[in-house]
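Each chain, letter by letter, is given below.
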Amino acid sequence: MGFALTCVVLSFVLLAAHFSRHDLSLLAPLCLAIPLLLLVKRKWVPGLLQLLLIVGALEWLRTTLFLAAQRLDTGQPWLRMALILAVVVLFTLGSAMLLRTAAVRHHYGPELDRESTKQ
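Residues numbered from 1 in each chain as written. Predicted model: local features only at pLDDT ≥ 70, side-chain atom pairs only at ≥ 80, totals over all residues. Heavy atoms only, no water.

### Thoughts on unusual backbone geometry
The cut-off we apply is this: Only DSSP runs of H or I with at least four residues qualify as helices, and only runs of E with at least two residues qualify as strands; both kinds are numbered from the N terminus onward. Each residue gets one of three labels from its accessible area relative to the maximum for its type: buried under 20%, exposed over 50%, partly exposed in between, using a 1.4 Å probe on protein chains only.
Backbone geometry places Asp-23, a non-glycine residue, at a positive phi of 60°. Tracing the backbone shows Asp-23 in the loop between α1 (2-21) and α2 (27-33). Given the relative accessible area of 67%, Asp-23 is considered exposed.

Here is the structure:
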């Protein structure tokens, strides 16, 4: 489970760096704060983080397509940049999928199950 959570945190750090570079001053610190939700042991946490990582992967994909088109228009090389960002897209999606593992589900699921049996 440690590997999965490390990948999730790293994905959000990469997104924070991306937003910081593009001067989106609200999104960068938000991306750094989101992984703190991993400390909340609730069943909805992995699903929410998974959704946010999928949105983040879509942002990386949008950025990849935009930069590739921009470089093609100016005659600059684009393939290496596109491959690097494609790896970042896949890493971000992979991090989202790691939140579906049995170990993560077990870690975040039992507490909610206990609460529902108390009521």
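Structure's up, so let's keep going.
### Some remarks on the packing of α1 against helix α3 (residues 44-74)
Our working definition: Fitting a line to C-alpha atoms yields each axis, with helices limited to the stretch in contact; the angle taken between N-to-C directions then spans 0 to 180 degrees. These descriptions rest on fixed angle ranges, namely under 35 degrees for roughly parallel, over 145 for roughly antiparallel, 65 to 115 for roughly perpendicular, and the rest for oblique. Helix crossings fall into two classes, left-handed where the near helix is turned counterclockwise from the far one by less than a right angle and right-handed where it is turned clockwise. The contact criterion used is simple: two residues touch if any of their non-hydrogen atoms lie within 4.5 Å.
It is the contact of α1 with α3, at a shortest axis distance of 11 Å, that shows an interaxial angle of 45°. Classified by the angle between their axes, α1 and α3 sit oblique to one another. α1 and α3 meet at a crossing whose hand is left-handed. In this structure, α1 uses Val-8, Ser-11, Phe-12, Leu-14, Leu-15, His-18 and Phe-19 to contact α3, whose residues at the interface are Leu-49, Leu-52, Leu-53, Gly-56, Glu-59, Trp-60 and Thr-63.

### A word on the confidence of the model for the protein chain
Stated formally: A residue's pLDDT is the confidence the predictor assigns to it, expressed on a 0 to 100 scale.
Per-residue confidence for the protein chain gives a mean pLDDT of 92, with 92% of residues at or over 70. Considering each helix and strand of the protein chain separately, the mean pLDDT is smallest for helix α6 (residues 110-118), with a value of 50, and largest for helix α4 (residues 79-98), with 98. Below pLDDT 50 for its whole length, residues 112-116 participates in three contacts with residues either more than four positions away or in separate chains.

### What about the nonpolar core?
To keep it simple, the criterion reads: Working definition of a nonpolar core: buried Ala, Val, Leu, Ile, Met, Phe, Trp, Tyr and Cys residues. They are joined through side-chain atoms within 4.5 Å.
Judged by nonpolar contacts, the single largest core of 26 residues is most densely connected at Val-8, Phe-12, Leu-49 and Leu-99. Elements supplying a minimum of two residues to this core: α1, α2, α3, α4 and α5 (102-108). At seven residues, α1 tops the list of elements feeding residues into this core. Excluding residues that lie within four positions of it along the chain, Leu-49 makes contacts with Val-8, Phe-12, Ile-34, Leu-37, Leu-38 and Leu-99.

### Observations concerning α1
Quick reminder of the rule: Here the expected span of a helix is defined as 1.5 Å times the quantity of residues minus one.
In this model, α1 (20 residues) spans 28 Å end to end at C-alpha, consistent with the 28 Å of a helix rising 1.5 Å per residue. For α1, the full list of buried residues reads Ala-4, Leu-5, Cys-7, Val-8, Ser-11, Phe-12, Leu-15, Ala-16, His-18 and Phe-19. The secondary structure elements touched by the buried residues of α1 are α2, α3, α4 and α5. Phi for Asp-23, located one or two positions after α1, is positive at around 60°.

### A closer look at a nonpolar patch on the surface
Basically, it comes down to this: Each patch is built from salt-bridge-free residues with over 30% relative accessible area, joining like charges within 9 Å and nonpolar side chains (Val, Leu, Ile, Met, Phe, Trp, Tyr) within 5 Å. Under the convention used here, a 1.4 Å probe and the Shrake-Rupley method define accessible areas, while residue burial counts only the protein chains that appear. What makes a salt bridge here is a side-chain nitrogen of Lys or Arg within 4 Å of a carboxyl oxygen of Asp or Glu, nothing more.
Taken together, the side chains of Ile-54, Leu-58, Leu-61, Leu-65, Leu-90, Leu-93 and Met-97 present a nonpolar region at the surface, about 630 Å² in accessible area. Among the secondary structure elements, those contributing two or more residues to the nonpolar patch are α3 and α4. The dominant element in the nonpolar patch, judged by the number of residues it contributes, is α3, at four residues.

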